[in-house]
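An overview of the molecular structure
Letter by letter, the chains look like this.
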Amino acid sequence: MWIRPDQLRGDWRILLANQDVDQFQLIMNSESTSTSSIWMFLGGSPYVVTPDLRWILGRWYHLAVTRSNGMLRIFRNATERAAGMASVDFSRSALDIGFRASTGSHPWNGAIDEVRLYNRALTDEEIGLLFNNGMPDTTPPMISGCTNMQITSIDGSAMTATYEMYVEDETDLNPSV
(Lines give C-alpha, C1' and ligand atoms only; values in the text may rest on other atoms or scores of the structure.)
Protein backbone atom coordinates (compact mmCIF):
# COMPACT_ATOMS: atom_id res chain seq x y z
CA MET A 1 0.00 0.00 0.00
CA TRP A 2 1.06 3.58 -0.52
CA ILE A 3 0.45 6.22 2.13
CA ARG A 4 0.90 9.97 2.15
CA PRO A 5 0.77 11.57 5.60
CA ASP A 6 -0.62 15.12 5.50
CA GLN A 7 -0.45 15.67 9.24
CA LEU A 8 1.20 13.90 12.19
CA ARG A 9 -0.25 14.47 15.63
CA GLY A 10 0.38 12.61 18.86
CA ASP A 11 -2.27 9.95 18.47
CA TRP A 12 -3.10 6.63 16.82
CA ARG A 13 -4.06 6.81 13.14
CA ILE A 14 -5.56 3.70 11.53
CA LEU A 15 -4.18 2.62 8.18
CA LEU A 16 -5.92 -0.79 8.05
CA ALA A 17 -8.06 -2.62 10.57
CA ASN A 18 -10.61 -5.40 10.54
CA GLN A 19 -14.03 -4.58 11.92
CA ASP A 20 -13.58 -6.91 14.89
CA VAL A 21 -12.11 -4.24 17.15
CA ASP A 22 -8.49 -4.88 18.13
CA GLN A 23 -8.22 -8.15 16.20
CA PHE A 24 -6.03 -6.75 13.42
CA GLN A 25 -4.75 -3.20 13.10
CA LEU A 26 -1.96 -1.50 11.18
CA ILE A 27 -1.61 1.97 12.66
CA MET A 28 0.71 4.94 12.78
CA ASN A 29 1.48 6.33 16.22
CA SER A 30 2.84 9.87 16.16
CA GLU A 31 4.85 11.13 19.08
CA SER A 32 5.78 14.36 17.32
CA THR A 33 5.03 16.30 14.16
CA SER A 34 7.96 14.77 12.26
CA THR A 35 8.45 11.21 13.55
CA SER A 36 6.10 8.30 13.94
CA SER A 37 6.22 4.53 14.36
CA ILE A 38 4.15 1.88 12.59
CA TRP A 39 2.46 -0.65 14.87
CA MET A 40 0.96 -4.01 13.88
CA PHE A 41 -1.63 -5.26 16.38
CA LEU A 42 -3.02 -8.80 16.49
CA GLY A 43 -5.56 -9.82 19.08
CA GLY A 44 -5.34 -6.46 20.83
CA SER A 45 -1.58 -6.61 21.46
CA PRO A 46 1.15 -4.77 19.56
CA TYR A 47 3.25 -7.54 18.03
CA VAL A 48 5.56 -5.53 15.82
CA VAL A 49 6.53 -1.89 16.28
CA THR A 50 8.99 0.00 14.10
CA PRO A 51 11.38 2.46 15.67
CA ASP A 52 10.41 6.09 15.17
CA LEU A 53 10.72 6.93 11.50
CA ARG A 54 11.03 10.40 10.01
CA TRP A 55 8.17 11.36 7.68
CA ILE A 56 7.94 14.27 5.29
CA LEU A 57 4.36 15.52 5.08
CA GLY A 58 2.88 15.29 1.60
CA ARG A 59 5.40 12.65 0.43
CA TRP A 60 4.31 9.16 -0.65
CA TYR A 61 5.71 6.10 1.17
CA HIS A 62 5.28 2.41 0.34
CA LEU A 63 4.30 0.17 3.28
CA ALA A 64 4.13 -3.61 3.25
CA VAL A 65 3.44 -6.14 6.00
CA THR A 66 4.09 -9.85 5.61
CA ARG A 67 3.34 -12.81 7.84
CA SER A 68 4.93 -16.20 7.24
CA ASN A 69 5.42 -19.04 9.73
CA GLY A 70 4.37 -16.70 12.55
CA MET A 71 6.93 -14.01 11.62
CA LEU A 72 5.44 -10.54 11.06
CA ARG A 73 7.57 -8.07 9.12
CA ILE A 74 6.94 -4.37 8.38
CA PHE A 75 8.61 -2.69 5.40
CA ARG A 76 8.78 0.99 4.47
CA ASN A 77 10.02 1.76 0.94
CA ALA A 78 11.12 -1.88 0.51
CA THR A 79 13.37 -1.81 3.61
CA GLU A 80 12.46 -4.00 6.57
CA ARG A 81 11.89 -1.73 9.58
CA ALA A 82 10.66 -4.25 12.17
CA ALA A 83 10.01 -7.97 12.64
CA GLY A 84 8.63 -10.16 15.39
CA MET A 85 6.89 -13.45 16.09
CA ALA A 86 3.09 -13.47 16.29
CA SER A 87 1.27 -16.71 17.01
CA VAL A 88 -2.18 -15.14 17.35
CA ASP A 89 -4.69 -15.74 14.58
CA PHE A 90 -7.37 -13.24 13.70
CA SER A 91 -10.79 -13.66 12.23
CA ARG A 92 -11.68 -12.73 8.68
CA SER A 93 -14.03 -9.80 8.57
CA ALA A 94 -14.56 -6.62 6.61
CA LEU A 95 -11.49 -4.41 6.26
CA ASP A 96 -11.53 -0.75 7.29
CA ILE A 97 -9.14 1.52 5.43
CA GLY A 98 -8.14 4.82 6.98
CA PHE A 99 -10.43 4.78 10.04
CA ARG A 100 -12.54 2.52 12.24
CA ALA A 101 -15.86 2.44 10.35
CA SER A 102 -17.89 1.26 13.36
CA THR A 103 -16.89 4.27 15.46
CA GLY A 104 -15.25 6.71 13.03
CA SER A 105 -12.31 6.78 15.43
CA HIS A 106 -8.64 7.43 14.73
CA PRO A 107 -8.99 8.63 11.12
CA TRP A 108 -5.91 8.75 8.91
CA ASN A 109 -4.98 12.28 7.89
CA GLY A 110 -3.57 11.90 4.39
CA ALA A 111 -4.04 9.58 1.44
CA ILE A 112 -3.96 5.80 1.09
CA ASP A 113 -3.68 4.17 -2.32
CA GLU A 114 -3.15 0.77 -3.92
CA VAL A 115 -4.02 -1.40 -0.93
CA ARG A 116 -3.32 -5.00 -1.91
CA LEU A 117 -4.04 -8.20 -0.01
CA TYR A 118 -2.43 -11.50 -0.94
CA ASN A 119 -3.13 -15.04 0.19
CA ARG A 120 0.58 -15.55 0.89
CA ALA A 121 3.56 -13.59 2.22
CA LEU A 122 5.38 -11.66 -0.49
CA THR A 123 9.12 -12.15 -0.80
CA ASP A 124 11.55 -9.28 -0.22
CA GLU A 125 12.09 -9.19 -3.99
CA GLU A 126 8.36 -8.87 -4.70
CA ILE A 127 8.05 -6.04 -2.18
CA GLY A 128 11.01 -4.34 -3.86
CA LEU A 129 9.31 -4.65 -7.25
CA LEU A 130 6.10 -3.09 -5.91
CA PHE A 131 8.09 -0.20 -4.46
CA ASN A 132 10.30 0.25 -7.50
CA ASN A 133 7.31 0.38 -9.86
CA GLY A 134 6.86 3.86 -8.47
CA MET A 135 4.34 5.99 -6.70
CA PRO A 136 0.66 5.46 -7.43
CA ASP A 137 -1.16 7.35 -10.14
CA THR A 138 -3.33 9.66 -8.07
CA THR A 139 -4.80 11.57 -11.00
CA PRO A 140 -8.55 11.49 -10.43
CA PRO A 141 -10.60 10.10 -13.32
CA MET A 142 -12.78 12.44 -15.33
CA ILE A 143 -16.30 11.64 -14.16
CA SER A 144 -18.92 12.42 -16.75
CA GLY A 145 -22.00 11.14 -14.95
CA CYS A 146 -23.54 9.11 -12.18
CA THR A 147 -26.87 7.28 -12.56
CA ASN A 148 -29.06 4.75 -10.76
CA MET A 149 -27.98 5.94 -7.30
CA GLN A 150 -29.64 3.88 -4.57
CA ILE A 151 -28.98 4.18 -0.86
CA THR A 152 -29.09 0.66 0.51
CA SER A 153 -28.51 1.36 4.21
CA ILE A 154 -27.78 4.12 6.69
CA ASP A 155 -26.26 3.17 10.03
CA GLY A 156 -25.18 6.01 12.32
CA SER A 157 -22.59 7.98 10.38
CA ALA A 158 -22.08 5.31 7.67
CA MET A 159 -24.05 5.09 4.44
CA THR A 160 -23.96 2.34 1.83
CA ALA A 161 -24.97 3.17 -1.73
CA THR A 162 -24.89 1.54 -5.14
CA TYR A 163 -24.51 3.50 -8.34
CA GLU A 164 -23.27 3.43 -11.91
CA MET A 165 -20.49 5.86 -12.71
CA TYR A 166 -19.41 6.87 -16.17
CA VAL A 167 -15.72 7.69 -16.51
CA GLU A 168 -14.20 9.18 -19.63
CA ASP A 169 -11.40 7.14 -21.19
CA GLU A 170 -8.32 9.36 -21.30
CA THR A 171 -7.33 8.17 -24.79
CA ASP A 172 -10.50 8.91 -26.75
CA LEU A 173 -12.71 10.66 -24.18
CA ASN A 174 -15.61 8.30 -24.96
CA PRO A 175 -17.69 7.62 -21.83
CA SER A 176 -17.57 4.07 -20.52
CA VAL A 177 -19.00 2.32 -17.50
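Look above for the structure.
Presented here is an overview of the structure given in this document. As the structure is a computational prediction, the values presented were derived from the model and not from experiment.

1. A word on the environment of Ile-127
Tracing the backbone through its elements, the reader meets Ile-127 in helix α1 (residues 124-132). Ile-127 gets classed as buried once you look at its relative accessible area, which sits at 0%. On a C-alpha basis, the gap between Ile-127 and Leu-63 in space is 9.1 Å, while along the polypeptide they are 64 residues apart.

2. Digging into the nonpolar core
If you look at the biggest cluster of nonpolar residues, it comprises 21 residues, and the most contacted ones within it are Ile-3, Leu-15, Ile-38, Met-40 and Trp-55. Of all elements in the fold, only β2 (12-18), β3 (24-30), β4 (35-42), β7 (61-68) and β8 (71-76) reach the threshold of two or more residues within this core.

3. Description of α1
Within the span of α1, buried status applies to Ile-127, Gly-128 and Leu-130. The arc enclosing the buried residues of α1, seen along the axis, measures out at 160°, which places them on a common side. In α1, those exposed residues whose orientation departs by more than 90 degrees from the buried face are Glu-125, Leu-129 and Asn-132. The inward-facing, buried residues of α1 contact β1 (2-5), β7 and β8. Immediately downstream of α1, the backbone of Gly-134 shows phi near 100°, a positive value.

4. A word on the packing of aromatic side chains
Two measures describe an aromatic ring pair: the distance that separates the ring centres and the angle between the ring planes. Inspection of every chain in the model, using the stated rule, returns two aromatic pairs. Ring centres 6.1 Å apart and planes at 25° place the aromatic pair Trp-2 and Phe-131 in the stacked group. Taken together, the residues span a long stretch of sequence, with Trp-2 in strand β1 and Phe-131 in helix α1 at a distance of 129 residues. A residue is classified by how much of its surface remains accessible, and Phe-131, at 25% relative accessible area, is partly exposed. An angle of 75° between the planes, with centres 4.7 Å apart, marks the rings of Trp-55 and Tyr-61 as edge-to-face. A residue is classified by how much of its surface remains accessible, and Tyr-61, at 4% relative accessible area, is buried.

5. Brief notes about the pairing of β4
Walk down a regular strand and you will see the side chains alternate between the two sheet faces. The element β4 is extensively covered by neighbouring structure, given that eight of its eight residues are classed as buried. Neither face of β4 is exposed, since Thr-35, Ser-37, Trp-39 and Phe-41 on one face and Ser-36, Ile-38, Met-40 and Leu-42 on the opposite face are all buried. Sheet analysis places β3 next to β4, joined by seven bridges and oriented antiparallel. Along β4, the bridge assignment pairs Ser-30 with Ser-36. Two strands pair when backbone bridges link them, and β4 and strand β6 (residues 53-54) are joined in this way by two bridges, in the antiparallel orientation. From the neighbouring strand, Thr-35 faces β6, where its bridge partner is Arg-54.

6. A short note on the side chain of His-62
Relative to the assigned elements, His-62 resides in strand β7. Given a relative accessible area of 3%, His-62 falls into the buried group. Beyond its immediate chain neighbours, meaning those up to four positions away, His-62 contacts Met-1, Trp-2, Phe-75, Arg-76, Asn-77, Ile-127, Leu-130 and Phe-131.

7. Regarding the pattern of salt bridges
Any two side chains of opposite charge can pair, so long as their charged atoms come close to each other. Using the criterion set out here, one finds four salt bridges in the structure. The residue Arg-73 makes a salt bridge to Glu-80 at a minimum N-O spacing of 2.5 Å. According to the relative accessible area criterion, Arg-73 is buried, its value standing at 19%. With a relative accessible area of 37%, Glu-80 lands in the partly exposed category. Among the ionic contacts, a cluster of salt bridges with common partners joins Arg-73, Glu-80 and Asp-124.

The rules behind these values
Residues numbered from 1 in each chain as written. Predicted model: local features only at pLDDT ≥ 70, side-chain atom pairs only at ≥ 80, totals over all residues. Heavy atoms only, no water. Helix = DSSP H or I, 4+ residues; strand = E, 2+ residues; numbered from the N terminus. Buried < 20%, exposed > 50% of the residue type's maximum accessible area, 1.4 Å probe, protein only. Core = buried A, V, L, I, M, F, W, Y, C linked by side-chain atoms within 4.5 Å. Arc of directions from axis to C-beta. Contact = heavy atoms within 4.5 Å. Phe/Tyr/Trp six-rings, centres within 6.5 Å; stacked < 30°, edge-to-face > 60°. Pairing = 2+ DSSP bridges. Salt bridge = Lys/Arg side-chain N within 4 Å of Asp/Glu carboxyl O.

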